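# What the coordinates show
If you want the building blocks of each chain, they are given just below.
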Amino acid sequence: MLEGGGAGYINPRSLAAAQLKIAQQQGASIIRETVISVKSNKARVIVTTAEAHTYQAHKVLIAAGAYTNMLVDPPLDLALKPRTILLAELPPSETARLAPMLTLIYKLKDNSDLSSIYMLPPIEYPDKKTYIKIGGDLRDEPAARSFDELRAWFNSGGSRAEAEALKTVLLDLIPDLTATTFLHKPCVTTYTPHRHPFIDTLETGRIFVAAGGCGSSAKSSNEIGRLAAVLLLQNSWGDEALAADDFKVKSF
């Protein structure tokens, strides 16, 4: 299926920068610290950071992705799935040749390692080098059962075997690809049992959550954030077109 019109890709760094800029324009303060605790008392919600600072708020929205359960009790039913992505660095001539390339999502029928892949056209990254990026879903999906395992995963640099499986698919799709080098990096996706994000109240009138993008939330992050913000401000679900029950949290 070929999708025209507004089809393409989202640069997550640019998206996050734009969202933060808009937030500041609306009066938000951006505090770049690592939250390690969210607790409530009779008057306030207390947020503590690893930098030994505490902040007080009437309401808090937790949107911490794979690290959400570090901040909530009881833990939510979130499956943490380590992923590896592959980057193929391109020389200028190959960048120009592949510039018209489309963004691709491809379901694989006969691949023993991967059930599907996504692939992006040549993009310049912050290191000023241009890469084609490919990632995918393993048929035998690994899982991180603790934050220590997740930390070890990121420290490991990702799976070389998964990277090789991705490289094989990439070269099948572009057999004459000329790449300067191949790099692989670790990633993680967070899944909910119902395959919708959790957008719900954890403590009435106080603590709310938006988590569990199921590998597809970048393109939807503005709307996910809007739904969560309306819930926080109104203390009730604010979208008649969507059922609140579809986004309810489930705990272990």
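For the structure itself, consult the block above.
### Observations regarding the pairing of strand β1 (residues 35-40)
- Pairing of β1 with strand β2 (residues 45-49), which is carried by five bridges, proceeds in the antiparallel orientation. Of the residues in β2, the one forming a bridge with V35 is T49.
- Here β1 folds back onto β2, and the loop between the two strands holds four residues.

### A few points about the nonpolar core
- Of all hydrophobic cores here, the largest spans 19 residues; its most connected members are L114, I117, M119, I132, I134, L170 and L177.
- Only β5 (79-89), β7 (114-119), β9 (130-138) and α4 (160-173) provide two or more residues apiece to this core.
- With five residues, α4 is the largest single contributor of residues to this core.
- Not counting chain neighbours up to four residues away, the residues in contact with M119 comprise M101, L102, T103, L104, I132, K133, I134, L170, L173 and I174.
- Core analysis: the second largest hydrophobic core is formed by 13 residues, V38, V47, V72 and L76 among them.

### Details of the pattern of salt bridges
- Taken as a whole and assessed by the stated rule, the structure comprises ten salt bridges.
- For E141, the salt bridge is made with K81, and the minimal N-O distance between the two is 2.9 Å. On the criterion of sequence distance, the pair formed by E141 in the loop between β9 and α3 (147-156) and K81 in strand β5 is long-range, its members being 60 residues apart.
- By relative accessible area, E141 is classed as partly exposed at 34%.
- By relative accessible area, K81 is classed as buried at 11%.
- For the salt bridge of D148 with R151, the shortest nitrogen-to-oxygen distance reads 2.8 Å.

### Comments concerning a nonpolar patch on the surface
- Residues Y67, M70 and F154 make up a contiguous nonpolar surface patch of about 270 Å² in total accessible area.
- We classify Y67 as partly exposed; its relative accessible area is 36%.

### Let's talk about helix α1 (residues 12-25)
- Compared with an ideal rise of 1.5 Å per residue, which puts 14 residues at 20 Å, α1 spans 20 Å between its outermost C-alpha atoms and is within 8% of the ideal.
- Here α1 starts with a cap whose side-chain oxygen sits 3.0 Å from the backbone nitrogen of R13, and that cap is N11.
- Positive phi shows up at G27, right after α1, with a value of about 105°.

Quick notes on the rules
- Residues numbered from 1 in each chain as written.
- Predicted model: local features only at pLDDT ≥ 70, side-chain atom pairs only at ≥ 80, totals over all residues.
- Heavy atoms only, no water.
- Pairing = 2+ DSSP bridges.
- Helix = DSSP H or I, 4+ residues; strand = E, 2+ residues; numbered from the N terminus.
- Core = buried A, V, L, I, M, F, W, Y, C linked by side-chain atoms within 4.5 Å.
- Buried < 20%, exposed > 50% of the residue type's maximum accessible area, 1.4 Å probe, protein only.
- Contact = heavy atoms within 4.5 Å.
- Salt bridge = Lys/Arg side-chain N within 4 Å of Asp/Glu carboxyl O.
- Patch = residues over 30% accessible without salt bridge, like charges linked within 9 Å, V, L, I, M, F, W, Y side chains within 5 Å.
- Areas by Shrake-Rupley, 256 points an atom, 1.4 Å probe, with all protein chains shown as cover.
- Expected span 1.5 Å × (residues − 1).
- Polar contact = N/O pair within 3.5 Å; in protein donor to acceptor, adjacent residues only side chain to side chain.

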